[in-house]
Amino acid sequence: MRRLRACLGAAAAVGLAAAGTTALVAGSASGATSALSNRWYAAAPYLMPLDNDPPDSAAIMDATGLKAFQLAFVLAPNGGGCSPTWGGTAAVSSDTAVQSVVNTIRGKGGDVSVSIGGYGGTKLGQVCSDAAATAAAYQQVITKYGLHAIDFDLEEPEYENTAAIKNEIGAAKILQQNNPGLYVSVTTAGTADGTGWFGKQMLLEAKSQGFTPNNFSIMPFDGGFNGAASQTGALTNFNQILQSTFGWDQATAYAHEGFSGMNGRSDTGEFFTQTDFQTVLDYATSHNMDRFTFWSLNRDRQCTPADNGGRTSGTCSSVAQSSWDFAKYSVKFAGATPPSSTPTPTPTPTPPSTGCKPAWSSTAVYTVGNEVSYNNHNWKAKWWTQNETPVASDWGVWQDEGAC
């Protein structure tokens with residue numbers, strides 16, 4: 001892993017520890033508001049405020065009754081260093097664009113949490129010198145926006161890095177201690193067995209540091225899942241992992257367990273409809289789980305007819321829906337009643353049939369715009385590639401153009 005310059009050292013961390021206990025009480029110049037109930041932060045869906053055609057947060061609130069948003073993602077700078085940025089490019093310290101979104105949401109009686117990490121980019125835990133330095137970087141985000149909640153999204157490739165996970169878990173513990181009442185969630189990959197080896201190692205790291213967040217959430221998608229039954233099975237298995245790792249009984253484990261889904265078509269072509277969300281919501285509420293969220297509000301709208309079902313998009317769901325259908329399940333989890341609307345049919349649309357392009361070859365070199373067929377789908381190369389199997393992903397080299 002590439003090592004970049006470290007950020008704040010031990011001396012700064014000591015100063016943070018001395019002053020941090022007032023961070024949430026005093027708020028900040030950013031216009032912090034009174035905290036919502038934890039149930040709202042637990043129900044906050046993800047929103048990218050600067051990318052993927054950001055939707056109007058005020059319109060979502062009016063249409064659904066939603067009050068809390070999970071803003072994503074805070075990363076290390078693309079050019080190196082241990083300071084927080086939005087997406088690796090926009091410094092938190094000088095931000096006004098995200099602050100405007102926060103102000104809009106708070107002006108309508110809502111609030112935000114901020115998610116750090118995610119799938120792409122360089123994470124602060126990878127480049128900061130230690131847990132204290134990592135925490136100091138995240139404290140800047142808490143103070144800037146007057147946060148009452150924060151999410152640690154620990155997944156590939158960061159969670160494969162032992163030192164990075166030690167820094168992230170250590171930072172989460174420091175922030176929890178220095179910001180009384182801070183709602184902390186930790187989100188990681190899901191598998192049919194609950195979570196994989198690296199997810200289990202992350203839980204063991206939390207145990208060794210004596211750190212317990214409000215919840216550990218798994219993302220049961222992009223791993224061979226197929227509808228709600230496979231997701232609730234993974235949640236049941238993850239509950240058993242939490243029990244065995246921390247010595248909790250079943251009820252205590254569920255009280256520290258969360259679900260983070262993906263609405264519509266996932267990166268790997270799985271489909272999760274409104275009916276699936278209702279089934280998982282029923283499971284979460286009946287087991288008194290702590291969190292129910294999804295990726296993402298940017299995707300919580302219908303694609304154009306030509307796109308429905310044929311590809312995974314960052315800006316629409318690829319299933320039949322009305323705008324913000326999936327957000328209403330978050331509202332229900334928070335304990336509120338969404339405004340009434342006409343139900344939208346949920347069947348997964350059938351992708352249009354098209355002719356297949358030449359078959360993909362592991363030895364051929366492809367450049368941007370080249371088209372191939374693989375597994376009965378056509379694919380278009382986003383950049384130069386060789387021997388990279390076509391797989392649907394917002395961040396991968398291949399763009400899925402639909403069935404053929």
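Residues numbered from 1 in each chain as written. Predicted model: local features only at pLDDT ≥ 70, side-chain atom pairs only at ≥ 80, totals over all residues. Heavy atoms only, no water.

Peer 1: Tell me about the state of the cysteines, and please be specific about residues and values.
Peer 2: Here a disulfide denotes one covalent bond, and it connects the sulfur atoms of two cysteines. In this structure the tally under the stated criterion is three disulfides. Covalently, C303 is tied to C316 through a disulfide, its sulfur atoms 2.0 Å apart. What sets the handedness of the C303 and C316 disulfide is the S-S torsion sign, and at about 95° it is right-handed. On the criterion of sequence distance, the pair formed by C303 in the loop between β12 (291–295) and α13 (327–334) and C316 in the loop between β12 and α13 is long-range, its members being 13 residues apart. Judged on exposure class, the residue C303 and its partner C316 are both buried. (Disulfide = S-S within 2.5 Å. Helix = DSSP H or I, 4+ residues; strand = E, 2+ residues; numbered from the N terminus. Buried < 20%, exposed > 50% of the residue type's maximum accessible area, 1.4 Å probe, protein only.)

Peer 1: Report on the pattern of salt bridges, specifying residues and quantitative values.
Peer 2: Tallied over the full model, the rule gives seven salt bridges. The shortest N-O distance in the salt bridge between D400 and R265 comes to 2.8 Å. On the criterion of sequence distance, the pair formed by D400 in strand β17 (residues 398–403) and R265 in strand β10 (residues 264–265) is long-range, its members being 135 residues apart. We note a salt bridge from K357 to E371, for which the minimum N-O separation is 3.7 Å. Here E371 lies in strand β14 (residues 371–374) and K357 lies in the loop between α13 and β13 (365–366), a separation of 14 residues in the sequence. Classification of K357 by relative accessible area gives partly exposed; the value is 33%. Since its relative accessible area comes to 30%, E371 is described here as partly exposed. (Salt bridge = Lys/Arg side-chain N within 4 Å of Asp/Glu carboxyl O.)

Peer 1: Report on the layout of surface pockets, specifying residues and quantitative values.
Peer 2: One number sums up the size of the largest pocket: a volume of about 580 Å³. In this structure, the largest pocket is lined by 25 residues; those nearest its centre are Y119, E155, F221, D222 and D267. Residue composition of the lining of the largest pocket, grouped by class: 12 nonpolar, eight polar and five charged. (1 Å grid on protein atoms, 1.4 Å probe; cavity = no way out; pocket = protein on both sides within 12 Å on 5 of 7 lines; lining within 4 Å. Points joined across faces, edges and corners; volume = space filled by probe spheres on them. Nonpolar A, V, L, I, M, F, W, Y, C, P; charged D, E, K, R; others polar.)

Peer 1: Now, about the environment of G314: what can you tell me, with residues and values included?
Peer 2: Structurally, G314 is set in the loop between β12 and α13. Note: C-alpha distance between G314 and L297 (17 residues apart in sequence) is 9.5 Å.

Peer 1: Account for the sheet that holds strand β15 (residues 377–381), naming residues and giving values.
Peer 2: Pairing is antiparallel across the open sheet formed by three strands, whose spatial order is β14-β15-β17. For this open sheet the edge positions go to β14 and β17, each flanked by a neighbour on one side alone. Within this sheet the neighbouring strands show an average axis-to-axis angle of 30°, counted without direction. In the sheet, β14 pairs with β15 via four bridges, with the strands oriented antiparallel. Bridged to V372 within β15 is W379. (Pairing = 2+ DSSP bridges. Axes fitted to C-alpha atoms, helices over the stretch in contact; angles between N-to-C directions.)

Peer 1: Before we move on, could you go through the confidence of the model for the chain and cite the residues and values that matter?
Peer 2: The predicted model of the chain averages 88 in pLDDT, with 86% of residues at 70 or higher. Contacts from residues 1–30, a stretch scored under 50 in pLDDT, to residues over four places away or in other chains number 53 contacts. Under a pLDDT of 50 for its full length, residues 342–353 has, in the predicted model, 25 contacts with residues more than four places off or in other chains. (pLDDT = per-residue confidence, 0-100. Contact = heavy atoms within 4.5 Å.)

Peer 1: Account for helix α12 (residues 274–286), naming residues and giving values.
Peer 2: Taking 1.5 Å per residue, 13 residues should reach 18 Å; α12 reaches 18 Å between its end C-alpha atoms and fits that length. When α12 is considered as a whole, its buried residues turn out to be Q274, D276, F277, V280, L281, Y283 and A284. On its buried face, α12 is in contact with α10 (228–246), α11 (250–255), β9 (257–262), β11 (271–272), β12 and α13. Just downstream of α12, N288 is the residue with a positive phi angle, here 55°. (Expected span 1.5 Å × (residues − 1).)

Peer 1: Describe in detail the pairing of β15, supporting the description with residues and values.
Peer 2: Counting buried positions along β15 gives four out of five residues, so the element sits mostly inside the fold. Connecting β14 to the antiparallel partner β15 that follows it, the hairpin turn spans two residues, and N375 within it adopts a positive phi of roughly 55°.

Peer 1: Account for the packing of α12 against α13, naming residues and giving values.
Peer 2: Where α12 meets α13, the axes come as close as 10 Å, and the angle between the chain directions of the two elements is 15°. With respect to α13, the element α12 is oriented roughly parallel. The two elements α12 and α13 cross, and the hand of that crossing is right-handed. Together, Q274, F277, Q278, L281, A284 and T285 of α12 and Y329, K332 and F333 of α13 make up the contact between the two elements. Of the residues assigned to the contact of α12 with α13, the class counts are five nonpolar, three polar and one charged. (Parallel < 35°, antiparallel > 145°, perpendicular 65-115°, else oblique. Left-handed = near helix turned anticlockwise from the far one by under 90°.)

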